[in-house]
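Here is how the chains run, residue by residue.
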Amino acid sequence: MNTIEISHLTKDYGNHKGVFDVSLSIKKGEVYGYLGPNGAGKSTTMRHLMGFVRPEVGSVKINDMECWDDQKKLQEDMGYLAGEIALPEDMNGLKYLKLIANMRHMKSFAHAEELLDLFKIDPNSNIKSMSKGMKQKVAIVAAFMHDPEILLLDEPTSGLDPLMQNNFIELIQKEKSKGKTIILSSHIFEEVEKTCDRVGMIRNGKLIKEFTIDELKHSKLKTYKVELKNDNDVQNLKLKFPDAKFKEAEKQMIISINDKDINTLIGELSKCDINFLKEEKHTLEEYFMQFYGGNDNV
Ligand SMILES: Nc1ncnc2c1ncn2[C@@H]1O[C@H](COP(=O)(O)OP(=O)(O)OP(=O)(O)O)[C@@H](O)[C@H]1O
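Residues numbered from 1 in each chain as written. Predicted model: local features only at pLDDT ≥ 70, side-chain atom pairs only at ≥ 80, totals over all residues.

Asks: Could you clarify how one ought to interpret the sheet that holds strand 2 (residues 17-26) in this entry?
Replies: Hydrogen bonds between backbone atoms are what pair the strands of a sheet, whose relative direction is either parallel or antiparallel. Taken in spatial order, the four strands make up an open sheet running 2-1-4-5, and their pairing is antiparallel. Edge positions in the sheet fall to strand 2 and strand 5 (65-66), since each of these pairs with one other strand and no more. As paired strands, strand 4 (residues 57-62) and strand 5 are joined by two bridges and run antiparallel to one another. Bridge assignment links Lys61 to a residue of strand 5, and that residue is Glu66. (Pairing = 2+ DSSP bridges. Helix = DSSP H or I, 4+ residues; strand = E, 2+ residues; numbered from the N terminus.)

Right under this line is the structure:
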């Protein structure tokens, strides 16, 4: 049985906004990366999983229970980090976390203490005076401290510095080794690559692709930017690589090429006078779109 089972979920907010006929399942112990541009429908899906929103069409189940009908029971063993966190400003971090711990009837605060340590949080400072990153870290502690079996994490590292992002990656890896089922949305390639088993891409409310991280890692498509010294070379390369993009004013060519064809590229470039050649890093979405050649109608 899958831990998470979303079948034909639709929530239409009008104006083509919302989620439309989304079906996905996540096995116990799996870490699922949920990716997509702003407004794609990631948070809407997660809110359904938390039972905050009732599906208009379709079903959203965790452990075979409807998230809307059984939200109270399900939430006991779930940790949720909202995309837009809102912490009470009139208390300090510790007081807030203790309040949540009491509401959850937590018997021990030891795991929370470990997490406060891991993220170098001074729990006695007032939430009001905390930086965005510090508030995010307090919210992470609140989501993880009761050691839930299921974690829904909506852009968990937004606002964290690189060191803390690494600590977060370690935390996910640890939770994964304990068999937790995790869905996380992220725009950070490294985070997804290092933590997720599988990825789903959502766009305009529709799930357009699913693939394993192994498939992605074996992608051999790379993009290079070349700046040439003279126009003749630009014109020659335009004939040789008609699919490449050219910025003629800058004498630049941007080319995406499979590793197996790299010798052809190098062969042609060796005939040119080059200013520089560099590999272009993609945003996560570009990378996936290029890899899969996805479009809105997929
Ligand atoms: N309660 C609502 N009423 C009307 N429209 C909504 C509501 N909630 C979400 N939407 C719209 O539905 C679309 C999907 O929103 P959602 O927050 O799920 O996207 P997202 O993928 O999480 O985006 P982001 O990466 O920016 O957080 C957006 O266009 C949003 O404006």
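Asks: Even after reading the chapter, I still don't get the packing of helix 3 (residues 93-103) against helix 5 (residues 132-144), so can you show me in this structure?
Replies: A pair of packed helices is characterised by two quantities: the angle between their axes and the separation of those axes. Two elements in contact, helix 3 and helix 5, have axes separated by 10 Å at closest approach and are oriented at 20 degrees. Compared by their axis directions, helix 3 and helix 5 come out roughly parallel. In this structure, helix 3 crosses over helix 5, and the sense of that crossing is right-handed. Contacts between helix 3 and helix 5 involve Gly93, Tyr96, Leu97 and Ile100 from the first element and Val138, Val141 and Ala142 from the second. In the contact of helix 3 with helix 5, the residues fall into six nonpolar, one polar and no charged. (Axes fitted to C-alpha atoms, helices over the stretch in contact; angles between N-to-C directions. Parallel < 35°, antiparallel > 145°, perpendicular 65-115°, else oblique. Left-handed = near helix turned anticlockwise from the far one by under 90°. Contact = placed C-beta atoms within 7 Å. Nonpolar A, V, L, I, M, F, W, Y, C, P; charged D, E, K, R; others polar.)

Asks: How do you make sense of the site of the ligand when you look at a structure like this?
Replies: In the vicinity of the ligand, the residues found are Tyr13, Lys17, Gly18, Gly36, Asn38, Gly39, Ala40, Gly41, Lys42, Ser43, Thr44 and Gly83. Per element, the largest residue contribution to the shell around the ligand is three residues, and it comes from helix 1 (residues 42-49). Each residue belonging to the shell around the ligand can be placed in one class, and the counts come to two nonpolar, eight polar and two charged. (Near = placed C-beta within 6 Å.)

Asks: Explain the domain arrangement of the chain to me, please; I cannot follow it from the model alone.
Replies: Many analyses report the size of an interface as the accessible area lost when the parts associate. By domain assignment, the chain separates into domain 1 (2-216) and domain 2 (220-280). Its C-alpha centre places domain 1 at a distance of 42 Å from the equivalent point of domain 2. (Domains from an automatic or database assignment.)

Asks: Honestly, the pairing of strand 2 in this entry has me stumped. Any pointers?
Replies: Two faces make up the sheet, and in a regular strand the side chains alternate between them. Examined bridge by bridge, strand 1 (residues 4-14) and strand 2 share seven bridges and lie antiparallel to one another. If you follow Ile4 over to strand 2, its bridge partner there is Ile26. Linking two consecutive strands that pair antiparallel, namely strand 1 and strand 2, is a turn of two residues; a positive phi of about 60 degrees is found at Asn15 within it.

Asks: Is there a simple way to think about the confidence of the model for the chain in this case?
Replies: Caution is warranted with low-pLDDT regions, since their predicted coordinates should not be read in detail. The predicted model of the chain has a mean per-residue pLDDT of 91, with 93% of residues at 70 or higher. Taken together, the stretch residues 294-298 has pLDDT below 50 and engages in eight contacts with residues farther than four places along the chain or on a different chain. Reported confidences for the modelled complex are a pTM of 0.81 and an ipTM of 0.96. (pLDDT = per-residue confidence, 0-100.)

Asks: Where do I start with the nonpolar core in this structure?
Replies: Inside soluble globular proteins, nonpolar side chains tend to come together where they are buried. Among the nonpolar cores identified, the biggest contains 54 residues, and Val138, Ile140, Val141, Ala143, Leu152, Ile182 and Ile183 are the most heavily contacted of them. The dominant element in this core, judged by the number of residues it contributes, is helix 5, at eight residues. For Ile140, the residues in contact, after removing those within four places along its chain, are Leu81, Phe119, Pro156 and Phe168. Formed by seven residues, the second largest nonpolar core is a distinct cluster that contains Val234, Leu237, Ile255 and Leu265. (Core = buried A, V, L, I, M, F, W, Y, C linked by C-beta atoms within 7 Å. Buried ≥ 20, exposed ≤ 12 C-beta atoms within 10 Å, placed from the backbone.)

Asks: Please clarify how the environment of Ile140 should be interpreted in this entry.
Replies: Checked against the element boundaries, Ile140 lands in helix 5. Judged by local crowding, Ile140 falls into the buried class, with 25 C-beta atoms found within 10 Å. Sequence-wise, Ile140 and Lys247 are 107 residues apart; in three dimensions their C-alpha atoms are separated by 44 Å.

Asks: What should I look at first to understand unusual backbone geometry in this one?
Replies: Glycine aside, residues mostly have negative phi, and peptide bonds are mostly found in the trans state. Non-glycine residue His16 carries a positive phi angle of around 65 degrees. Structurally, His16 can be placed in the loop between strand 1 and strand 2. Residue classification places His16 among the exposed positions, given that 9 C-beta atoms sit within 10 Å.

Asks: Looking at this structure, how should I read the sheet that holds strand 10 (residues 206-212)?
Replies: Sheet architecture is open: six strands sit in the order 6-7-8-3-9-10, paired in mixed fashion. Across the chains shown, the open sheet's two edge strands, defined by having one partner strand only, are strand 6 (78-81) and strand 10. Between one strand axis and the next, the sheet turns through 15 degrees on average, direction left out of account. Bridge count between strand 3 (residues 31-35) and strand 9 (residues 198-203): four bridges; the pairing is parallel. Within strand 9, the position partnered with Tyr34 by the bridge is Gly200.

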